[in-house]
Each structure stands twice: as C-alpha cells, then as structure tokens.
Amino acid sequence: MRNLSRREFLRLCGATGAALGLTHAIKPEILEAFAGPAGGQPPIVWLQGGSCSGCSVSLLNGVQPEIGKVLTEVISLQFHQTLMAAAGEPAMEILPAVKKQYAGQYYLVVEGSVSTGDKVMYSTLGERDGKPVSFAEWVKTMAAGAKAVIAVGTCATFGGIPAAGSNPAGSKAVSDVISGVPLINVPGCPIHPDRVLGTLVHAIKYGIPELDHLKRPTVFFGKCVHDLCGRRQMFDEGKFATRLSEPGCLYKLGCKGPMAYNDCPTRQYNNNTSWCVAANAPCIACVEPGFPDHTSPFFERMPEYGPAGTPSPQPRQGNIIGGDK
Amino acid sequence: MRKIVIDPVTRLEGHLKVEVMADNGKVVAAEAAGTMYRGFETILAGRDPRDAVYITQRICGVCPVSHATAAAFALDDAFGVQVPANGRIIRNLILGGNYLQSHIIHFYNLSLPDYAQFPAIAPFTHHYTGDYRLNKETNERLVGNYFKALEIRRKCHEMVALFGGKMPHQVAIIAGGTSMTAQKEKIDAYRKLLAEIAQFVEKEYAEDTRLLANAYSDYFQVGKGPANFLSYGVFPLNDIGRDKLIGAGVHIGGKPADLDIGKITEDAAHSWYDKTADGSPAKTATNAQYGKAGAYSWVKAPRYGGEVCEVGPLARMWISGRYTSGVSAMDRIVARTLEAALITKALAKWLDELEPGAPCEAAVEIPYTASGVGLVEAPRGALGHWITIRNHRIERYQAVVPTTWNCSPRDAGGKAGALEQALIGLPVPDADNPLAVVRAVHSFDPCLACAVHVITPGKPVSEFKL
C-alpha cells in the first residue's frame, strides 16, 4: 500500500474530478488507515439522537471501496442502531464493553441533536435498572473515553432543524454537551460520505485535521459554494433565472451559496450524480450554523449580499451568517 | 409470566422500545413506545410555506421524498395550482426511485439479520440466538445479497439524484411541480440504472423473498394485527390526480370502503402530550407533557372512525386487490416485494411519458390565508400533511405518518395499536432471545423519527424569529 504524506492525502481529498469521488481516490489510504491498532481496526461507536437517520443513509451512499467492504473489512462499527444485528440488552451491553476494552482508542460518531435541560428525557436509549437512560448521558459517557468525537450532520454539529424556531425539544449541538475531548464537526444535511470517511481517515492516520473556527475540516469546508459554482459566471454577468427551471444564476431565487462553505459544486452527491444547483434548486446553506433559521426563506433572495460581481466574503468561513458559536 | 423489554429495537429508523409479557412461551400483552421527540411541526410555524417541502423531508432520512411529496401536494392544494404533466411525472420518478431504495434496504439490511446468520464481526455480533434455520447454501446466498443490496440501493439513490439533485433530502420537488426539467441525458441515465435495479428486483429480491418465506413459513401464521387497512393512494397517473398507480381506500372489519379523511382522528390518552392533542388532525394542538400518568410513548394513536388500521405495502396491495392471501409478518414482507416489482415496471413507463423541454413547474403565489391537505403513501404507509396559512406564513402544520398508525400506543378506549396487536400470540420459547418479536416488529418497517412529532401549538407568527 502506498504511504501517502499528509500533504498528498489532503490533495487527494480535494482532487475530485467529475467521475472520481474521494473514497475512490483514497481507497488504499482508507484500507491502510483502518488496518491500524486495536485488533486490526479502530472501533467506531455511532450514536443516533435527534436525527432523521439521513446521515447514516448518506454514509451508505459512499462508493469505492463499496460500503459493504467499509463496514466489514475497513472499520469496526461496534454500535450503529440502524445497521447492527443486536437489539435490546445485547446491544446496550456493547457500549460499556467498548469503553472499557478500547479506552482512549475508539472514535465516537454522533448523528443528531442532543436534548438538554429539563427536556433531556425527550431522547432516550436503552434502560438501566428498569429506567430509561437519556441520549445526552450516553453521549457524555462515551465521549469521555473516546480518542476523538466526530459530530456528523448539521443537527449534531450546530443543532440543525431540531434546534430551530422555538426548539421544542431543547435540542443542542454535541459541542454544547461535551468537553475535554477532541471534537471535529462534519456538517451537512445530510453529511457527504466522502467528508465523513475522509475526516475519519485523517484523524486516524495523521491526527486531527486542520479545522476552521467552527471545527470543520478546512479541506472540505474551506471554500465558498458561490465561488466554486458552475453558475458563478452567470452571477457576475447578471444572468439570473426568473424561475427555478430556467437557465441562469439562482441568487435572486434564494440561493444561499454565498453563505455556504463547502465543496458541493465540485464534489457533488450520489457518486458525482448531481447537487442542488445542478437540479435547478437554490443552495440552502445546510452546512452552516444558521441553518435553517438564518438561511431561510429558502426561495427568497438573501439580504446580506451585494449586486452581481460582488466578491464572496473571504476568508472567514461561516462568519457572515452565524458568527462564532 | 415474564416481562421482556427490547430497548432499543434496532434496524429501523429512529428510537423504538417494545415491552411484552410472555406466558407459557407466548406473548400475552405488548406495548410499543417511541422514545425520541423533536417537535417538527412546532418548528415549522411562522415560516414561508414553500419551505415546508425542504423542512418536512428532514423528518426522515429514509423516506424524505414522501414527506417532500406530501408537503408539495398540501401546498399545491392550498395555492390552487395545477402541476404540469412533466412535474407530476418527475415527482413520481423521484418518489418511485426512493420506494425501491426503501424496500430493498428494508428486506436485506434491516430485516434479513433476523433470519440469516452473518459473519461474527461488528456490526453483526451480539445478536439474539436461537431459531436460525436457513440451510448453508441459502444463508450464503442471502448474506451475499445483503452486500449486493447495499450497492443496488445506492444506485436507486443515484437514479433519484438525477432528477432530485441529491439523496437523502432531494431538492427538486417544490410547490407547483419540480425545479428539474426533463432532459434527455437524465432520462437515458435513469433508464440505464433502472434496468440494472429492475433485474435485481425481479431475479434476486423476488427469489430471496421466496426462499425466506419457504424456510420461515410459520411466519405466515403469526403477527396478524387488526387486519383493518388504510391507503391514501400514490403515484398520480394523470394531471387531475384522481387515478393513481395504487389506489386509495380502507378495509375495515373485512369490508372495503372509500376513504373518508373526515373519519381520521388522533388520540393521546397514552402519549406524552396534553389533552389538546385529541381530535381531527386539521384542528388539534399538541403540547409535550413528558411523564404524564398512564402515558408511555411519544407516538400518538391515529384512528379511522375509531378503528385501529394497519398501513403499508400489505395494506396497499390488499386494498388494490393485488395481494389478499393473508395478514401476517411474512405477508408484509411478500407484499413489499410484489410492490417493488410493480413500481419498477411503472417507472419505465413514466420515463417514456416525459416530454423533454415541456414545462415542469407552475408559478405559485402564496395566499394571505389558505389551507391544504397533502395525502401520499410513503414506502411504509399512509402519510398526510395538513397545512394552514395565515399572513402568507405557516400558521399550523401537522403530519400524520405511517408509523404513527402502525406503532401507536393504546387509545382512550384501551384499543391497542396495530403493532401491539400483532405481537400478541407470538412464540417466545426463550425469553432472553425474543427473535419472533423483533421479526414481527421489522415486518412493519417502522420509522420512529416520522412517528414522533407534534402539532403546532398555534402560537402567533410574530413570536417566531425568522
């Protein structure tokens, strides 16, 4: 197997040609990275709280290596509610066992927001002595023994939709409930499989990747959608669509590309099939901490941005909508 | 008598706890509980109505298209717009592609580990032990197809993304039609993927279902439930929308009848909501009340004319007369497979009906006040969205979803939900390994993130910061 330097690895993460996903490019690296400590594979515990499971479903859309291979040969996915064979007590015995056996070595992935405050019991998982255990408690317990925590999806990273509006369930981001352990945020609604696997590989092989002020890996979240967009030139030339299904820049129809920092336009989704603007739909900045309250109404022009030709705000990612958390 | 608690029931969407009482090796009482709550409908209050399509599909990452479709139907209804033919067909192509994804992932990746033995590596270790009876050859075939199915379901999503932009959480279904147009290269690419998926459905999925049904034929005798069915119908075949590939209707007490949505009510006697939750979904208001005496679930109890109904593929196949052999855990699995085959054939036809270049969206205008209803079938059953608009904003929104029907708790009259009824009588020879219980639960393909929700409490729009 090749032994890529970190610099080469990062170049691969960013090098997404039209027909080449990240997971394709770094296949040998993924295999190698995960063939490391802890009995051949670093254990992963994946907890789902206030989520829709969309991030898990999106993970299954990863290509090359085939996700089946990733699940069985590459990572050791000890706990994942949607995929594991175990249920009930045998399932819940796994978490303390991993915490003990792989102390300081396992990675905790959290999908979904965390119910907090007096609403902590709005999300529970399993029982102890006949009483339900809150999801928040599991996140804290498992984070305490993890090598690193990776919050995946916008609900886990910034609260997302469950924390929007009146936030009826007291939903919060993972960063609001844990401390004292390295944390990486991989937002998106849903997450992109490349971004999760690429982040995991980097964490395992080279350590925590370079993060922006929102703890997002800059390799995936360092550039503005508006700058990478195939319709950027139409914006600069003042060619705007007046309805979604006709050609032209979608800025006046609500596109929040100038607010959003990620590589969707080049990486695309579903094995490079398409992405939002390619399907004539506005970017809704689903990777940003203001999603959805500050990135909606989705079909209304964003107020913060100037006329055609205005350069994108640079270089501080995400700052224009949510600011520091 | 022994109490068996399964928390969590895994391999389904969301958080479900099932508690059964076993006596003499059989289930004699059952409770199903949703254990996670987010409050989507409250979050929707005060927003631009058009945003409901994007927000409600985030209720569920497994069937986001169904929520997007229900929301779009509700908005079309409230706005009074006529969707162009291309828009209707592209919506069907997006929804149909995800139906295939959903049915395939259910059979192979969510259900099969209940019946087949997988290699003893994570995430397949620590499962219940006992009655696994596939012969070696069949077991190997099915486990192999578990991995093949992962790839096929990924391709189903690629098919959806051709018109939907991305999956999960497609972007092309909007109020008034679709943003995506009928481009020839997209049609060709969809057709190519569909051919491969159709071959898998017809050759592998159908045969694997047959093998499973033969080996576990006793599961045709258990997991019956109320044997009342309800379907809203799905996949409109013409622009008026009255004719659908799979029709609407109910089947109550052994008799078929037309659907009357006025008969739908919700009941929260045993749910963690206060009394304002009881009544017609067009009028109720629900406020969380965790710890309420007698309550045990975040799921409410929808009823049709007071009756408990099962929804999902078996209900649809039964009501449309395509499959009426029995009501059981295995019949649900068989009905789902038959439906997947039906949809693969329909998708090919709809591709032919698209007219490249023709319009796919109608202009929409948000009225000052309006109300609308959007009824559709998600892969796992009847899904309805109710919207009220005031001052051009969402005043009230409510979704009544499939798993609320199937996994409801008891109602005020003490009537147990469909799943709860289906669990009664199941064999549990070994209380530490309640395999039959998880098999029966999975036959419903529950989706708890959908089921657990709340009606907008009707707060004034001004209280919500946008």
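Because the structure is a prediction, the values reported are computed rather than measured.

How each quantity is defined
Residues numbered from 1 in each chain as written. Chains lettered and ligands numbered in written order. Predicted model: local features only at pLDDT ≥ 70, side-chain atom pairs only at ≥ 80, totals over all residues. Heavy atoms only, no water. Helix = DSSP H or I, 4+ residues; strand = E, 2+ residues; numbered from the N terminus. Buried < 20%, exposed > 50% of the residue type's maximum accessible area, 1.4 Å probe, protein only. Contact = heavy atoms within 4.5 Å. Areas by Shrake-Rupley, 256 points an atom, 1.4 Å probe, with all protein chains shown as cover. Arc of directions from axis to C-beta. Core = buried A, V, L, I, M, F, W, Y, C linked by side-chain atoms within 4.5 Å. Polar contact = N/O pair within 3.5 Å; in protein donor to acceptor, adjacent residues only side chain to side chain. Axes fitted to C-alpha atoms, helices over the stretch in contact; angles between N-to-C directions. Parallel < 35°, antiparallel > 145°, perpendicular 65-115°, else oblique. Left-handed = near helix turned anticlockwise from the far one by under 90°. Nonpolar A, V, L, I, M, F, W, Y, C, P; charged D, E, K, R; others polar. Pairing = 2+ DSSP bridges. Buried area = accessible area lost by both parts, 1.4 Å probe. Phe/Tyr/Trp six-rings, centres within 6.5 Å; stacked < 30°, edge-to-face > 60°. Lys NZ or Arg CZ within 6 Å of the ring centre and 35° of its normal. Expected span 1.5 Å × (residues − 1). Bend = angle between axes of the 7 residues up to and from the residue.

Peer 1: Pulling in residues and values, what's your account of the overall build of chain A?
Peer 2: What chain A contains, in helices and strands, is 14 helices and nine strands. Per-residue burial over chain A gives 66% buried out of 325 residues. By sequence separation, contacts in chain A at least 24 residues apart represent 76% of the contacts at least 6 residues apart. Only carbon and sulfur atoms are counted for the fraction: they give 51% of the accessible area of chain A, which is about 10,700 Å².

Peer 1: Tell me about helix H8 (residues 135-144) of chain A, and name the residues and values.
Peer 2: All buried positions along H8 of chain A are accounted for by Phe135, Ala136, Trp138, Val139, Met142 and Ala143 of chain A. Burial along H8 of chain A is one-sided: seen end-on, the buried residues are contained in an arc of 160°.

Peer 1: Can you tell me about the nonpolar core, naming the residues and giving the values?
Peer 2: Grouped together as the largest cluster of nonpolar side chains are 217 residues, with contacts concentrated most on Ile104, Leu423 and Val437 of chain B. Here this core gets 12 residues from one element, more than from any other, and that element is helix H8 (residues 329-353) of chain B. Sequence-distant contacts of isoleucine 104 of chain B, defined by excluding residues within four places in its chain, comprise Asn109, Ala149, Ile152, Arg153, Cys156, Ile197, Phe200, Val201 and Tyr205 of chain B. Val45, Ala86, Val133 and Leu183 of chain A belong to the second-largest nonpolar core, a separate cluster that totals 32 residues.

Peer 1: Summarise the side chain of glutamine 78 of chain A; cite the residues concerned and give the values.
Peer 2: As for its placement among the helices and strands, glutamine 78 of chain A is situated in strand E2 (residues 76-80). According to the relative accessible area criterion, glutamine 78 of chain A is buried, its value standing at 15%. Of note is the side chain of glutamine 78 of chain A, whose polar atom sits 2.9 Å from the side chain of serine 76 of chain A. Residue contacts for glutamine 78 of chain A: discarding those within four places in its chain leaves Pro43, Ile44, Met84, Ile94, Val98 and Tyr102 of chain A together with Ala122 of chain B.

Peer 1: Now, about the packing of helix H7 (residues 94-101) of chain A against H8 of chain A: what can you tell me, with residues and values included?
Peer 2: All names here are of chain A. Running from amino to carboxyl end, H7 crosses H8 at an angle of 20°, the nearest separation of the two axes being 9 Å. It follows that H7 is roughly parallel to H8 by the angle criterion. As H7 packs across H8, the resulting crossing turns out to be left-handed. Residues Leu95, Pro96 and Lys99 of H7 touch H8, and the partners they reach there are Trp138, Thr141, Met142 and Ala144. Within the contact of H7 with H8, the residues separate by chemical class into five nonpolar, one polar and one charged.

Peer 1: Please set out the environment of glycine 238 of chain A residue by residue, giving values where relevant.
Peer 2: Residues and elements named next belong to chain A. With respect to the element layout, glycine 238 can be found in the loop between helix H13 (232-236) and helix H14 (264-267). Given a relative accessible area of 37%, glycine 238 falls into the partly exposed group. Taking the C-alpha atoms as reference points, glycine 238 and lysine 205, separated by 33 residues in sequence, lie 45 Å from one another.

Peer 1: Outline the sheet that holds strand E13 (residues 393-400) of chain B, supporting the account with residue identities and numerical values.
Peer 2: Residues and elements named next belong to chain B. If you trace the three strands from one edge of the open sheet to the other, you get E11-E12-E13, paired in antiparallel fashion. In the strand order of this sheet, the two ends are held by strand E11 (369-378) and E13, each with one partner. Strand-to-strand, the axes of this sheet are offset by a mean angle of 15°, without reference to chain direction. Against the sheet, helix H3 (residues 64-79) makes contact with E11, strand E12 (381-390) and E13, and its axis sits at roughly 145° relative to E11, the strand it touches most.

Peer 1: Could you give an account of the interface of chain B and chain A, naming the residues involved and the relevant values?
Peer 2: Taken together, the contact between chain B and chain A spans 78 residues of the former and 75 residues of the latter. For the pair chain B and chain A, the summed buried area comes to about 6,500 Å², and 60% of that belongs to carbon and sulfur atoms. Remark: the boundary between chain B and chain A carries 33 residue pairs in polar contact (both at pLDDT 80 or more). It is helix H5 (residues 136-164) of chain B that provides the largest number of residues to the side of chain B that touches chain A, a total of 11 residues. Here the side of chain B that touches chain A is built from residues that sort into 41 nonpolar, 18 polar and 19 charged.

Peer 1: Just give me the short version of the packing of aromatic side chains, but keep the residues and values in it.
Peer 2: Per the stated rule, a full pass over the model turns up 29 aromatic pairs over all chains. An angle of 40° between the planes, with centres 5.8 Å apart, marks the rings of phenylalanine 298 of chain A and tyrosine 54 of chain B as tilted. Residue phenylalanine 298 of chain A is located in the segment after H14, and its partner tyrosine 54 of chain B is located in helix H2 (residues 52-56); the two belong to separate chains. On the accessibility criterion, phenylalanine 298 of chain A (0% relative accessible area) is buried. Their ring planes at 85° and their centres at 6.2 Å tell us that tyrosine 115 of chain B and tyrosine 219 of chain B sit as a pair that is edge-to-face. Here tyrosine 115 of chain B is found in the loop between helix H4 (85-111) and H5, whereas its partner tyrosine 219 of chain B is found in the loop between helix H6 (184-215) and strand E6 (229-236), with 104 residues between them in sequence. In this structure tyrosine 115 of chain B comes out as buried when scored by relative accessible area, which is 1%. Of the aromatic side chains, those joined through ring pairs into one cluster are Tyr122 of chain A together with Tyr37, Trp272, Tyr273, Tyr290 and Trp298 of chain B. The ring of tryptophan 138 of chain A carries arginine 128 of chain A above its face, with NZ or CZ at 5.7 Å from the centroid.

Peer 1: Requested: an account of H6 of chain B, with residues and values cited.
Peer 2: Helical geometry: 3.6 residues make up each α-helical turn, so side chains three or four residues apart lie on a common side. Helix length check: H6 of chain B, at 32 residues, gives a terminal C-alpha distance of 45 Å against a target of 46 Å (1.5 Å per residue), a fit within 8%. Along H6 of chain B, the largest kink reaches about 35° and is centred on valine 201 of chain B.

Peer 1: A description of the pairing of strand E6 (residues 131-134) of chain A should follow, citing residues and the corresponding values.
Peer 2: Residues and elements named next belong to chain A. Taken together, the three bridges between strand E5 (residues 124-128) and E6 define a ladder with antiparallel strand orientation. Each bridged residue has a counterpart across the sheet, and for glutamate 127 the counterpart in E6 is proline 132. Once E5 ends, the chain turns through two residues before running back antiparallel as E6, passing aspartate 129 with a positive phi of about 50°.

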